[in-house]
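Next come the chains, spelled out residue by residue.
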Amino acid sequence: MGQPVINPDIYRRLEEFLAGKGLRRTRQRDVIIEAAFSTTDHFTADELWERARQLDPAASRATLYRTLSLLVESGLLREIDLGMQQTCYDPNFVDHPRHNHLICSDCRKIVEFEDKHLNLLEDCISRRLGFQPQSTSLRIEASCETLRTMGVCEERKKSGGR
Ligand SMILES: [Zn+2]
Ligand SMILES: [Zn+2]
C-alpha cells in the first residue's frame, strides 16, 4: 500500500474540533483517522477495524469506537443508512457535503451522486415549512443495469443479501 493522500483540511478541522474539547491528536487516533479517510468507500466499524489493524497491528478497538464517535460528532464522518444491518460510515461528506446514494436493491452496489436541482428543492421545502436545511441525504433503491439486463447481479453472493 502506498501512502494515502488525505485532504489536509480534514486534519485542520479535526485539530480545531479536538482542541475545543481539550483533546489532541494521538498516534492511536491518527491510525483510525488514516484508515477512515484513506478511502472513498463507505465502511462499517468492522471494516474500519480491519484496515486500522493493517496500518498498525497494535490498534485498539476501544480507540476505534471512541475515535469513530469523535469523527461523527465533528461532522467529518457521517453515519448513513444504506439499508444494511450494520451502520455504515461515509468519509465523503467533507469533499461532497451534499451527495446522495443510489443503491442496487439486489447487489447493494452504491453510486454517489450530486444534483443541484435536488439541493434547490430541499432548500425550497425547508424554507416553506419554516426550517433551515442543515443536512439531507437521499437514498434511492433501484436495480442496476446488470440486474435489469441479466436478471441477477454478479456481486449478489458477495454481499450476502440485506
Ligand atoms: Zn457516500
Ligand atoms: Zn446490482
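Residues numbered from 1 in each chain as written. Chains lettered and ligands numbered in written order. Predicted model: local features only at pLDDT ≥ 70, side-chain atom pairs only at ≥ 80, totals over all residues. Heavy atoms only, no water.

A short note on the domain arrangement of the protein chain
Here is step 1: Assigned domains within the protein chain: domain 1 (8–91) and domain 2 (98–159).
Here is step 2: On a C-alpha basis, the centres of domain 1 and domain 2 stand 24 Å from each other.
Here is step 3: Taken together, the contacts link 8 residues of domain 1 with 10 residues of domain 2.
Here is step 4: Here domain 1 and domain 2 share an interface that buries about 700 Å² over both sides, 53% of which is from carbon and sulfur atoms.
Here is step 5: When the area that domain 1 buries against domain 2 is broken down by residue, the three leading residues are His 42, Arg 78 and Leu 82, summing to 54%.
Here is step 6: Along the contact surface separating domain 1 from domain 2 lie 1 salt bridge.
Here is step 7: Between Asp 81 and Arg 139 there is a salt bridge whose closest N-O contact spans 3.3 Å.
Here is step 8: The tally of links between domain 1 and domain 2 comes to 6 residue pairs in polar contact (both at pLDDT 80 or more). (Domains from an automatic or database assignment. Contact = heavy atoms within 4.5 Å. Buried area = accessible area lost by both parts, 1.4 Å probe. Salt bridge = Lys/Arg side-chain N within 4 Å of Asp/Glu carboxyl O. Polar contact = N/O pair within 3.5 Å; in protein donor to acceptor, adjacent residues only side chain to side chain.)

Structural notes on the nonpolar core
Here is step 1: Counting 26 residues, the largest nonpolar core has Phe 37, Phe 43, Leu 48, Leu 68, Leu 71, Leu 76 and Leu 77 as its most contacted members.
Here is step 2: Where this core is concerned, the elements lending two or more residues are α1 (8–20), α2 (27–37), α3 (45–55) and α4 (61–74).
Here is step 3: For this core, the element with the most residues is α2, which contributes 6 residues.
Here is step 4: Residue contacts for Phe 37: discarding those within four places in its chain leaves Ile 6, Ile 10, Leu 71, Leu 76, Leu 77 and Pro 91. (Core = buried A, V, L, I, M, F, W, Y, C linked by side-chain atoms within 4.5 Å. Buried < 20%, exposed > 50% of the residue type's maximum accessible area, 1.4 Å probe, protein only. Helix = DSSP H or I, 4+ residues; strand = E, 2+ residues; numbered from the N terminus.)

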